[in-house]
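# Tertiary structure, described
Here's the letter readout for the chains.
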Amino acid sequence: MADDTVVDFNRLPRTTRERIVDSLGSTPRLAPLFADPQSKTKPLFWWSVLGLYCLYSFLKWTLWDFGEVGPMANAVHNLWALPIYFGSAFFLTAAVLAIAFHVMRSKALPFPPGRYLFPLDFIDARSQNLRIVSLSELDDFKAVHEHTNGAYTHTTFTFDFGGGHREPFVVRNKDEAEKRMRKLQRARATFGKALENKDANAVHFFDLFHEVRVRGGFASFQSNTSPVPQEGVLAGELPRLLERRWLAALAVSLVLACGTWLVRNLLSDYVAFSSARTAGLESGFRDYLRTGWLHVDKAKELGEKAGFSECEQKDTEACWRAFTVNWSESPRLQEARVERMPRAALKHAPATISALRRFRVKYPNSVVDAEAKERIHQLFVQALTDFQSQASTQNPGLVPFVGKLLAHLEATENPKVLVRFRRVASPSLEEADKLLVRAGREAGRATAEVSPHFADERFLPIENDIVQVMGNAFKQIFPTDLLVLEKGAALDSLPGTVKAGVPVLGIVYTVGWSGASYSSSKDNRMFVGIAFDFDVDMSLPNEKPLRFSLTVKPPDHFTVEYSRYVGRGGLDLDPSGGPTGETVYRIMALRAFDELGDKLRHTFFRSDSKAFMAGGTASNASP
């Protein structure tokens with residue numbers, strides 16, 4: 001392992017100092033075989049770049065959001081920002097000290113700082129304390145020509161002194177590298193020959209430290225107690241601060257970062273509060289309170305006043321709700337929550353029953369609950385007025401009954417009116433089938449029996465149509481959150497006074513023989529004529545029901561326009577292209593229910609009213 005020698009340049013003999021300065025000068029007597037002098041400008045340039053960048057970062061971070069008031073602004077930086085202040089301040093201080101170090105070292109050293117290899121010694125002369133390694137300690141030496149993509153780039157000379165101590169030198173010209181190599185070999189050979197011949201002058205020429213060695217070696221010049229020569233070439237002393245510049249940068253940056261962070265936050269806090277106070281907006285005070293330090297209590301007081309004033313101007317539910325969240329410690333919190341918020345919510349609530357009912361659920365027993373109930377009542381009053389303007393005059397009890405119906409719907413807060421059906425099959429259908437079969441047998445004609453075609457499930461689609469027709473008519477007057485028709489379960493018996501809480505429009509229809517029969521003009525088949533009797537019963541709990549009856553009978557002659565009914569309720573054609581018996585009887589039923597729809601609309605509405613026309617038109621089947 002190489003034995004490094006470190007010696008103060010100023011403690012060396014005068015002649016040795018002068019020889020070192022001469023050898024590292026522009027016209028040396030003994031020039032170094034390999035030299036790696038440090039650039040005078042490059043370190044200054046890069047340290048200046050780093051210093052300017054850190055100065056910019058430090059100032060930018062210091063001024064970042066300074067005195068700003070906003071939802072994303074941080075006028076006061078928290079403790080997590082300190083590492084950024086410290087990092088910028090540390091490298092800024094280090095750059096300044098490094099620049100000062102390089103400038104003062106260039107002035108203090110009488111030779112260019114760098115690494116140099118002489119025939120007998122390697123010298124690290126980057127400071128006043130020289131590090132010297134004798135080439136007699138050299139373990140290995142390599143010279144490698146480096147190439148990139150087949151092209152020569154440089155030659156690396158590596159001097160290995162053992163123990164991991166290597167000193168590389170780079171020569172970027174191949175001819176120059178080979179010249180240096182030969183020069184090193186000649187110098188070493190010449191020095192060896194001088195030793196062999198005991199040529200003192202030649203030995204002295206190649207050995208920069210010849211005088212040191214003849215005067216006892218480097219140990220005699222390393223003692224701190226030995227006097228420092230005052231004559232000849234001397235290296236100037238660098239300030240202790242620059243010698244320990246990294247520790248100095250650490251200490252200075254710590255004070256600078258913490259001091260700047262504290263002062264900056266105090267000033268920014270003052271400016272931010274002043275800005276919020278000048279603007280006088282609730283949002284500004286809330287933004288200040290998010291990071292503020294010194295004026296928190298005053299900001300809460302002013303912010304609460306500004307927030308209350310702004311909500312008074314806007315008077316919206318959202319504003320008052322936000323006030324109760326943002327200023328939960330306000331002395332007017334109860335006023336905002338109990339009085340202001342419900343009033344604003346009702347003020348902007350849509351003029352619909354469902355919206356007003358949602359309001360009452362959301363704000364039960366509020367200070368404006370009576371007003372909300374009155375608004376709902378007025379909507380029912382208006383609905384009854386609209387109904388009166390379009391109601392049929394056939395039944396004088398219709399309008400009073402609808403008034404009671406609306407009163408019930410308002411009281412129960414349930415808009416549903418159930419439409420329930422019950423079908424009654426008359427025994428006359430089976431009797432008609434027997435007579436028809438007998439007449440057909442006597443006349444030798446085909447017959448179409450009627451009784452198998454009137455099962456309950458076959459009427460479900462038709463019943464749904466009636467509910468839809470009536471629903472379309474009622475929608476023109478009554479909003480669906482006030483009154484809506486829905487099909488309910490089938491009636492078990494004739495409806496009387498309804499004990500359930502929901503109003504019911506009960507329709508009981510009886511299917512029977514009309515007493516007539518029909519013959520098909522196409523295939524001479526015989527059909528039974530059917531008649532429908534409808535008993536309509538509109539019932540309210542604990543009220544006398546509104547009843548009326550309707551009868552639909554077929555004409556003496558009619559044409560079955562089956563094309564307009566195909567696809568409705570499962571109607572089909574037979575292979576000949578004409579209607580099947582099922583289709584004929586189903587069309588008879590559809591015509592009857594279409595006429596029922598028309599008669600129901602006539603019962604409730606005038607024929608020229610908007611509600612009547614919205615319900616549909618009468619059957620287009622021509623007799």
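Read on for a plain summary of the structure.

What counts and how
- Residues numbered from 1 in each chain as written.
- Predicted model: local features only at pLDDT ≥ 70, side-chain atom pairs only at ≥ 80, totals over all residues.
- Heavy atoms only, no water.
- Pairing = 2+ DSSP bridges.
- Helix = DSSP H or I, 4+ residues; strand = E, 2+ residues; numbered from the N terminus.
- Axes fitted to C-alpha atoms, helices over the stretch in contact; angles between N-to-C directions.
- Phe/Tyr/Trp six-rings, centres within 6.5 Å; stacked < 30°, edge-to-face > 60°.
- Lys NZ or Arg CZ within 6 Å of the ring centre and 35° of its normal.
- Expected span 1.5 Å × (residues − 1).
- Buried < 20%, exposed > 50% of the residue type's maximum accessible area, 1.4 Å probe, protein only.
- Contact = heavy atoms within 4.5 Å.
- Polar contact = N/O pair within 3.5 Å; in protein donor to acceptor, adjacent residues only side chain to side chain.

## A few points about the sheet that holds strand 5 (residues 129-134)
Strand order in the open sheet formed by five strands is 1-5-4-3-2, and the pairing between neighbours is antiparallel. One side of each edge strand has no neighbouring strand; the edge strands of this open sheet are strand 1 (5-8) and strand 2 (34-37). Ignoring which end each strand starts from, the neighbouring axes of this sheet average 15° apart. Inspection of the sheet shows strand 1 paired to strand 5 by four bridges, in the antiparallel sense. In the strand pairing of strand 5, Thr 5 is matched with Ile 132.

## Quick word on the packing of aromatic side chains
Under the definition given, this model contains 36 aromatic pairs. Stacked on the ring of Phe 169, the Lys or Arg Arg 115 has its end atom at 4.5 Å from the ring centre.

## Section: helix 4 (residues 174-197)
Under the 1.5 Å per step criterion, the end-to-end length of helix 4 is 35 Å for 24 residues, consistent within 8% with the ideal 34 Å. Within helix 4, the full set of buried residues consists of Ala 177, Leu 184, Ala 187, Phe 191 and Ala 194. Packing partners of the buried residues in helix 4 comprise strand 2, strand 6 (140-148), strand 7 (151-160), strand 8 (166-171) and helix 5 (200-206). Between the side-chain oxygen at the start of helix 4 and the backbone nitrogen of Asp 175 there is a gap of 3.0 Å, and the oxygen is on Asn 173.

## With respect to the sheet that holds strand 6
An order of 6-7-8 is seen for the three strands of this open sheet, with the pairing classed as antiparallel. Looking at strand neighbours, the two that pair on one side only are strand 6 and strand 8, the edges of this open sheet. Here the strands of the sheet are splayed against their neighbours by 20° on average, with no regard to which way each runs. Judged from the nine bridges that link them, strand 6 and strand 7 form a sheet pairing that is antiparallel. Counterpart to Glu 146 in the pairing with strand 7 is His 154. On top of the sheet, helix 4 reaches strand 6, strand 7 and strand 8; it is set at about 25° to strand 7, its chief contact.

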